[in-house]
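Notes for the structure review
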Amino acid sequence: MASAHVELATITYSAAVSACGTGGRWDQVLRLLVEMPFANVKVNTIIYDAAISTYETCGEQSKALSLLVELARPLKSQKK
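Here helix α2 (residues 29–38) crosses helix α3 (residues 45–57) at 165°, and the two axes come no closer than 10 Å. On the basis of the axis angle, α2 is roughly antiparallel to α3. When the axes of α2 and α3 are compared, the crossing they make is left-handed. Residues V29, L30, L33 and M36 of α2 pack against I47, A51, T54 and Y55 of α3. Residue composition of the contact of α2 with α3, by class: 7 nonpolar, 1 polar and no charged.

Excluding glycine, residues mostly carry a negative phi; peptide bonds, for their part, are mostly trans. Not every positive phi belongs to a glycine, and N40 is a case in point at roughly 60°. Inspection of the secondary structure puts N40 in the loop between α2 and α3. Its relative accessible area of 64% is what places N40 among the exposed residues.

All of the buried residues in α2 are V29, L32, L33 and M36. The arc that holds the buried residues of α2, viewed along the axis, is 100°, so those residues lie on one side. The exposed residues of α2 that point more than 90 degrees off its buried face are L30 and F38. Immediately downstream of α2, the backbone of N40 shows phi near 60°, a positive value.

A few words on the environment of T54. For T54, the location among the structural elements is in helix α3. Look at T54 and you get buried, because its relative accessible area is 3%. C-alpha of T54 to C-alpha of D27: the two residues are 27 residues apart in sequence and 9.8 Å apart in space. Those residues in contact with T54 that sit more than four places away from it in its chain are V17, S18, C20, G21, W26 and V29. Reaching out from T54, the side chain makes a polar contact with the backbone oxygen of A50 at a distance of 2.9 Å.

What counts and how
Residues numbered from 1 in each chain as written. Predicted model: local features only at pLDDT ≥ 70, side-chain atom pairs only at ≥ 80, totals over all residues. Heavy atoms only, no water. Axes fitted to C-alpha atoms, helices over the stretch in contact; angles between N-to-C directions. Helix = DSSP H or I, 4+ residues; strand = E, 2+ residues; numbered from the N terminus. Parallel < 35°, antiparallel > 145°, perpendicular 65-115°, else oblique. Left-handed = near helix turned anticlockwise from the far one by under 90°. Contact = heavy atoms within 4.5 Å. Nonpolar A, V, L, I, M, F, W, Y, C, P; charged D, E, K, R; others polar. Buried < 20%, exposed > 50% of the residue type's maximum accessible area, 1.4 Å probe, protein only. Arc of directions from axis to C-beta. Polar contact = N/O pair within 3.5 Å; in protein donor to acceptor, adjacent residues only side chain to side chain.

Printed below as a string of structure tokens:
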């Protein structure tokens, strides 16, 4: 049952991030990303993809690139 709750929460946050793009509210994406761990929701690749797409849709390519760079950091440390 707890697993279903986590999955629903992840889907809800993903939808919220996507809605930010539709509504032109790129400024709310970071707030959602920061809030997720406090709600016991892991930020996954689907949510990062939605966030990057939102930034691109809203003309905030530099923010999308920054988020992509942040995603690459854990990958670099795993290669060592």
